[in-house]
There are 2 protein chains.
Amino acid sequence: MKHPASRPLTAAARSGQRLLLLCLLLLGLTARAEEVKSPNGQLTLSFELQAGVPTYRLRYKGREVIKPSKLGLELKGTSSLQSGFTQTAAQQRSFDETWTPVWGESKTIRNHYNELAVTLTQAETQRTMRVRFRVFDDGLGFRYEFPRQPKLDYFTIKEERTQFALAGDHKAFWLPGDYDTQEYSTVTSKLSEVRGRMKAAVTGNASQTTFSPTGLQTPLMLKSQDGLYINIHEAALIDYSCMHLELNDQTMVLESHLTPDAVGDKGLIQTPANSPWRTIIVSDKAGDILLSKLVLNLNEPTKFKDVSWIKPVKYVGVWWEMITGKSTWSYTNMDNIKLDSVDYRKVKPNGTHGANNAHVKEYIDFAAQHGFDAVLVEGWNTGWEDWFGKHKDYVFDFVTPYPDFDVQELNRYAQSKNVRIIMHHETSGSVRNYERHLDTAFQFMNKYGYNAVKTGYVGDIVPLGHKHYDQWMINHYNYVLEKAAAHRIMVNGHEAVRPTGLSRTYPNLIGNEAARGTEYESFGGNNADHTTILPFTRLIGGPMDYTPGIFQTKVSAYNPQNTSFVHSTLARQLALYVTMYSPLQMAADLPETYNKHLDAFQFIKDVAVDWDDTKVLEAEPGDYITYARKAKGRSSWFVGSTCDENGRTSSIDLGFLEPGKKYVATIYADAPDAHYERNPQAYQIRKLNVTRKTKLTQRCAPGGGYAISLVEAGR
Amino acid sequence: MKHPASRPLTAAARSGQRLLLLCLLLLGLTARAEEVKSPNGQLTLSFELQAGVPTYRLRYKGREVIKPSKLGLELKGTSSLQSGFTQTAAQQRSFDETWTPVWGESKTIRNHYNELAVTLTQAETQRTMRVRFRVFDDGLGFRYEFPRQPKLDYFTIKEERTQFALAGDHKAFWLPGDYDTQEYSTVTSKLSEVRGRMKAAVTGNASQTTFSPTGLQTPLMLKSQDGLYINIHEAALIDYSCMHLELNDQTMVLESHLTPDAVGDKGLIQTPANSPWRTIIVSDKAGDILLSKLVLNLNEPTKFKDVSWIKPVKYVGVWWEMITGKSTWSYTNMDNIKLDSVDYRKVKPNGTHGANNAHVKEYIDFAAQHGFDAVLVEGWNTGWEDWFGKHKDYVFDFVTPYPDFDVQELNRYAQSKNVRIIMHHETSGSVRNYERHLDTAFQFMNKYGYNAVKTGYVGDIVPLGHKHYDQWMINHYNYVLEKAAAHRIMVNGHEAVRPTGLSRTYPNLIGNEAARGTEYESFGGNNADHTTILPFTRLIGGPMDYTPGIFQTKVSAYNPQNTSFVHSTLARQLALYVTMYSPLQMAADLPETYNKHLDAFQFIKDVAVDWDDTKVLEAEPGDYITYARKAKGRSSWFVGSTCDENGRTSSIDLGFLEPGKKYVATIYADAPDAHYERNPQAYQIRKLNVTRKTKLTQRCAPGGGYAISLVEAGR
């Protein structure tokens, strides 16, 4: 016999198996709930098998955050991992460490939790999985773990069935669930209103695939009627597809909905493997959500041995002028080009190309004069005449400059002034093409001294069938991060998947877009309350390259055809450098405009991009946020405040300042008649002496805000 | 107004347009047929617009080969390119060149045709396409050309609708149409019998996707009842999906059926672009089909400036022993491995690993002793424990050897004996992974002195949704060829798409599999007539790495568990070196076996792999083929003959030998009692003196054949 292992069982063996099964079933039925509390005792996580189905529950100060909710996964071509389980082990442990991020909102981060790991076995299929819960003072993280085992070596996920049973019809700050984009305006509504407001919420995008009238994205910010703030997201998204949430608007149960690949599968898994962490941050104080480091803590420490090449970056760029339509990425007005068949030296230039030698040098001069680290230059490479919307494969080669962009000379010039040029790799979603050129492109960057790249994935993923957030693409983004690290290159990924705290593991991931950024102020505008929400939603996963600092709020000043305007006062633009945390901050407006407002521009020059400490002074999602942050290695603090379209008066206490020290506060505020629509550029700057005992009252105009620098007196 | 170009037409302009349309329609209706003949006048191609629908027709010596057949393409999301055409130009020209292939069946190749290019315009859509016909003495090639034009810049093919209306219910030598494999046994039947025999024809394969009960592959070999031999295939398959044929078994019309991508599209085209050539080789002599160079001629000349590194290769290899199950590719008996997490030095070896240092040196010694150029070594690299069938992404890295394979020492040893090791890159179909490693893998080859690689694509393409023959994969195979050429590496592609004469353009493509090779003799066997058909079908596109030379026809001699046997006599195995043209020829059996039959082995040592001239002495598809070929740069000739399961007596005329010269013929023939099933190893070798006046009669056993070397006397 060729396969003795597959011989039929004897009757005795069969009855023995049945007995074992029965025992395990009884064990399962009689299993008691497991419970673990947060270090401060305020959160309680319970786990219970209900008739073989794993469930969990989360309470905060005795209040229900997540009602008993099912856990499990549906597999393709085999029975599910949702029921028939017995609990075969449960282990608890406590963990407390303090680690130092390469860059961040505070000098050190405490990672303190109590853990419960429950091992579950399906007697019938002889398969085992583990659910690991970590309960922090600020919330819960849990993941599925699939140990190496004979009966579960490879499997395909049909759907993950993780539930989040909410305790009520909460107020939600939500985006339509989409496999390809997060560039939607946040809708603020009750969960029960999602369905009715979905259609209007789905505005057009270069690539978009919504999946349900009640499908939502993460991070999802919620507020209960009794004042609990709850944020649901994921951490450490690696080799798995991105999770969305499907709302049952009758029961208020959210359920995981993974991004499918080209054939509809939602994940190919080889054991041993872990899912990403599913995260629930909770507090009765809104500011605690903003300060939570739970998502970062659930990521693995970096394996990079040398991180000296990773540095926060403040930059300007040849960018906003193209976004507004004042200049162009392309060098000619040709259409339908094939990359290698055009001799650009023989083609008539369009005269509007932004990334030309003389103009880039102006930016370099401006950056050097004002102490910026870098200049982003988009549209430097050939192919921009015909780059978008055609599902073109060979769209860019990432190494061939237009004839009016002298790579060597411009990098030499920049570096002679202690400035770097930031590389731009727009892929147009043509991912195979990008990977084919990646090594060469990074070698090219090393050769000329580029140390950071902005990547872009505008449009549908090519080859078609893939989605921006499927497992294949998640794998791609991380591949780029690893390749970049091997070349000591920092990455700022646009149109990539929303971050999930991966910058702890890959600290060269210094920025992401993954939401509506400032560019939309030129495409019709963002809501006035946009920046009072993003820190509660998108930024929970990691920093955003929001590109603030637009002083010329009327886009028509640059392009008469463009009637958009920035839905923010000028003063609020300054506040964003503090409220939108990022180690990568752009001064996005044009030098010619900054030169007209050098007094206000001084704040952008002064503000730090890396921090020793962070405080939330005031916060309410959708209404206002006021942060205070202490500059890394310096005694200076910076305060930023943003409010919604109603305006408000902010009262803040400078008690965070160091005892015994005197500071000079420079306050960049909206003028009394400022208004984001009617009078956005009206600002006032005043100085006063303050100490930690000072209390300040500061008005924010509608769609406004303020920024304060606090410099130790005499420094 | 923002878009003046889109202003509504005035009434006058509209009526002008209508008039133009009417004129063009009338022109179309009254257009006369275009006609072009082959240089020798025996073939006549006619083109005619029938009520705006392009059609063509092909006659050979007045007999109908292709009855009036429609041309055109169905597009996605826009109107088709099938009707509404007017003929706006028709150009004829003649062409005659003789070119020298880098390697081949003859020293030079004549490329001689009359051409007709018909320009067709759809008045309504303002789109233009061209159909270019080239009529050779041995057949017809035609393609679609899509010039650069404003109204047709990018388009997606829904289906190509090229018809081949056959004149009768021909005898066909066919394989089931499949998007993923050609590894089927040829069925010989009337076209009307295809449907009934399809189910049995679809045997199992590691990756397969049939699409229709009457879907067929190309090259499709046909024979009409009145004795016309017709072969339908394609040439120059570049940036387009591979064509199959859909048979209408009522009308005997074949229609093109392209391979779809992951979302069902059949080709993304950017103009200017051309389709591959659709080829129809025709003759009333079977041997003319075998001698046709039409497919090669329709490919572009190579752009390689230096081809000195491309050389035909005769090789042995650590291969058949794994195919039979005598040894293993893998070094251990682990399962479910992750490539980077295994320390092979700490794992127990299985003791059956073929590619170990000592054993590879034995092959190198054998190769050196007998004058072979190279040794293929499979299973040299880590990952073979868990490489197949799991749609695994990171399955191989192509640079890490098993601990018992010393890359540096073995290459040094081989090269010291004037032998090269042939690299093996099995991808397991995980194409992104291969492309990610391609540069590094080729650099690794350059470092150690490998100059040829055998690639493999066993199993489903990963990412799932892609097919072995879709446009995305066609692009991949050509990408590998170009990358390899940049590293001066020759490629032998297994499980890749069937060749279409691309070796003219990429002469480093020295081999392909793309059919059932000798390996199937260990997987249950090939039909006894298999090698009397392949030169009429698969080999029309290019050489096949058939890996002949199996002397030990009982596989059980190597592996008692394996009851397969080779469906060929030993003498026929020798004939295959002549009948299965390839610049890459393996002596596939084990040295220990060759050492027992050194007399017969002498033919393999002597036979050339590159030729100055080729004659077909006898041929009938499915029954027998006898070739004579003159060794490149030498006076020696080699004859090979293969026959079907019935056996036969071959009568051949040596009139191809040079006048006035005397030759010693060494005839390797089946013994009188030889039989491919009952007595396959019975052979006889005899020598005789011959001249061009000699006529030989030689019997072939059932499933047998013979091989003759003809060496100038005194040399």
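Computed from a prediction, not measured in an experiment: that's the story for all the values here.

Asks: What is the right way to look at the overall build of chain A in this model?
Replies: Of regular secondary structure, chain A possesses 13 helices and 36 strands. Radius of gyration (C-alpha) of chain A: 27 Å, near the 27 Å computed for a compact globule of 715 residues. C-alpha extents for chain A along the principal axes are approximately 90 × 70 × 50 Å. With 715 residues in all, chain A has 65% of them scored as buried. Across chain A, every contact between residues at least 6 apart in sequence was considered, and the portion connecting residues at least 24 apart equals 71%. For chain A, the exposed area adds up to about 25,600 Å²; of that, 49% sits on carbon and sulfur atoms.

Asks: Before we go on, may I ask you to explain the domain arrangement of chain A in this structure?
Replies: You'll often see interface size given as the accessible area lost when the parts meet. All names here are of chain A. Examined at the domain level, chain A breaks down into domain 1 (25-297) and domain 2 (313-605). If you average the C-alpha positions of domain 1 and of domain 2, the two centres end up 33 Å apart. With 54 residues of domain 1 in contact, the opposing surface of domain 2 contributes 44 residues. Taken together, the two surfaces of domain 1 and domain 2 that pack against each other cover about 4,000 Å², and 57% of this comes from carbon and sulfur. Where domain 1 touches domain 2, the interface holds 1 salt bridge. Run the count over domain 1 and domain 2 and you get 28 residue pairs in polar contact (both at pLDDT 80 or more). Within the residue set of the side of domain 1 that touches domain 2, elements represented by two or more residues are β6 (85-99), β16 (229-235), β17 (243-248), β19 (268-270), α3 (286-291) and α4 (294-297). Classifying every residue of the side of domain 1 that touches domain 2 by side-chain character gives 26 nonpolar, 20 polar and 8 charged.

Asks: Honestly, the confidence of the model for chain A in this entry has me stumped. Any pointers?
Replies: When pLDDT is low, close inspection of the predicted coordinates is not appropriate. All names here are of chain A. Confidence in the prediction for chain A averages 95 pLDDT; 96% of positions are at 70 or higher. Within the model, pLDDT remains below 50 along residues 1-14, and this stretch shows 3 contacts once partners closer than five positions in the same chain are excluded. Confidence drops under a pLDDT of 50 for residues 19-30, and excluding neighbours within four residues, the segment shows 10 contacts in the predicted structure.

Asks: Which parts of the structure should I look at to understand helix α2 (residues 194-201) of chain B?
Replies: It helps to recall that an α-helix has 3.6 residues per turn; residues three or four apart then point in one direction. All names here are of chain B. Listed as buried for α2 are V194, M198 and A201. Along the axis of α2, the buried residues cluster in a sector spanning 75°; they form a single face. Exposed and oriented more than 90 degrees from the buried face of α2 are G196, K199 and A200.

Asks: Which parts of the structure should I look at to understand unusual backbone geometry?
Replies: Trans is the common state for peptide bonds, and a negative phi is the common state for residues other than glycine. Here the amide bond leading from T218(A) into P219(A) is cis, since omega sits at -10°, within 30 degrees of zero. Checked against the element boundaries, P219(A) lands in the loop between β14 (215-216) and β15 (220-223). The step from V462(B) to P463(B) runs through a cis peptide bond, and the omega angle for that step is 10°. Its place among the elements puts P463(B) in the loop between β25 (452-456) and α9 (471-486). Positive phi outside glycine occurs at K61(B), with the angle close to 50°. Structurally, K61(B) is set in the loop between β3 (53-60) and β4 (63-70).

Asks: Is there a simple way to explain helix α8 (residues 431-448) of chain B in this structure?
Replies: All names here are of chain B. Between the first and last C-alpha of α8 there are 24 Å, a value that for 18 residues agrees with the 26 Å anticipated at 1.5 Å per step. The largest bend in α8 amounts to roughly 50° and is located at L438. Phi turns positive, to about 90°, at G449, one or two residues after α8.

Asks: Could you clarify how one ought to interpret the UniProt feature "domain: Glycosyl-hydrolase 97 N-terminal" (unreviewed entry) in chain A in this entry?
Replies: Here the UniProt-annotated "domain: Glycosyl-hydrolase 97 N-terminal" (unreviewed entry) positions come out as residues 36-301 of chain A. Helix makes up 7% of residues 36-301 of chain A and strand makes up 50%, while its end C-alpha atoms are separated by 24 Å.

Asks: When you look at the packing of aromatic side chains in this model, what are you seeing that I'm missing?
Replies: Pairs of aromatic rings are described using the distance from one ring centre to the other and the angle between the two planes. Enumeration over the complete set of coordinates arrives at 70 aromatic pairs over all chains. Pairing F396(A) with F398(A) gives two aromatic rings, centres 6.3 Å apart and planes at 55°, and the pair type is tilted. As far as burial versus exposure is concerned, F396(A) and F398(A) are alike and both buried. Each residue in the set W329(A), W384(A), W387(A), F388(A), F396(A), F398(A) and Y434(A) is aromatic and connected to the rest through ring pairs, giving one cluster. Over the aromatic face of Y624(A) sits the side chain of R648(A), whose NZ or CZ is 3.5 Å from the ring centroid. Positioned over the ring face of Y479(A) is R436(B), at 3.7 Å from the centre of the ring.

Asks: Sorry if this is basic, but what is going on with the interface of chain A and chain B here?
Replies: Each partner contributes to the interface: chain A provides 31 residues, whereas chain B provides 31 residues. Of all residues in chain A, the largest losses of buried area upon contact with chain B belong to Y154(A), N336(A) and R436(A), amounting jointly to 22% of the total for that side. One can count 6 salt bridges joining chain A with chain B. The shortest N-O distance in the salt bridge between K390(A) and D153(B) comes to 3.4 Å. Summed over the shared surface of chain A and chain B, the number is 30 residue pairs in polar contact (both at pLDDT 80 or more).

Asks: What is the right way to read the nonpolar core from this model?
Replies: One recurring pattern in soluble globular proteins is that nonpolar side chains are buried together. Membership of the largest hydrophobic core comes to 183 residues, with the highest contact counts inside it found for Y56(A), F133(A), F164(A), L216(A) and I280(A). In terms of residue count, the dominant contributor to this core is helix α9 (residues 471-486) of chain A (9 residues). When residues of this core are sorted by domain, at least three fall in each of domain 1 (25-297) and domain 2 (313-605) of chain A. The contact partners of F133(A), leaving out residues within four places of it in the chain, are L45(A), F47(A), Y56(A), L71(A), N114(A), E115(A), L116(A), V118(A), L140(A), G141(A) and F142(A). One finds F142(B), Y240(B), C242(B) and F536(B) within the second-largest nonpolar core, a separate group that totals 181 residues.

Asks: How do you make sense of the sheet that holds strand β10 (residues 154-160) of chain B when you look at a structure like this?
Replies: Strand pairing in a sheet is mediated by backbone hydrogen bonds. Such pairs are either parallel or antiparallel. Residue and element names in this part refer to chain B. Read across the open sheet, the 3 strands follow the order β5-β10-β19; overall the sheet is antiparallel. The sheet is open, and its two borders are formed by β5 (73-75) and β19 (268-270), each paired with just one other strand. Here the strands of the sheet are splayed against their neighbours by 50° on average, with no regard to which way each runs. Judged from the 3 bridges that link them, β5 and β10 form a sheet pairing that is antiparallel. Note that in β10 the partner of E74 across the bridge is E159.

About the criteria used
Residues numbered from 1 in each chain as written. Chains lettered and ligands numbered in written order. Predicted model: local features only at pLDDT ≥ 70, side-chain atom pairs only at ≥ 80, totals over all residues. Heavy atoms only, no water. Helix = DSSP H or I, 4+ residues; strand = E, 2+ residues; numbered from the N terminus. Rg over C-alpha atoms; globule rule 2.2 N^0.38 Å. Buried < 20%, exposed > 50% of the residue type's maximum accessible area, 1.4 Å probe, protein only. Contact = heavy atoms within 4.5 Å. Areas by Shrake-Rupley, 256 points an atom, 1.4 Å probe, with all protein chains shown as cover. Domains from an automatic or database assignment. Buried area = accessible area lost by both parts, 1.4 Å probe. Salt bridge = Lys/Arg side-chain N within 4 Å of Asp/Glu carboxyl O. Polar contact = N/O pair within 3.5 Å; in protein donor to acceptor, adjacent residues only side chain to side chain. Nonpolar A, V, L, I, M, F, W, Y, C, P; charged D, E, K, R; others polar. pLDDT = per-residue confidence, 0-100. Arc of directions from axis to C-beta. Expected span 1.5 Å × (residues − 1). Bend = angle between axes of the 7 residues up to and from the residue. UniProt positions renumbered as here; feature names shortened; annotations may be inferred. Phe/Tyr/Trp six-rings, centres within 6.5 Å; stacked < 30°, edge-to-face > 60°. Lys NZ or Arg CZ within 6 Å of the ring centre and 35° of its normal. Core = buried A, V, L, I, M, F, W, Y, C linked by side-chain atoms within 4.5 Å. Pairing = 2+ DSSP bridges. Axes fitted to C-alpha atoms, helices over the stretch in contact; angles between N-to-C directions.

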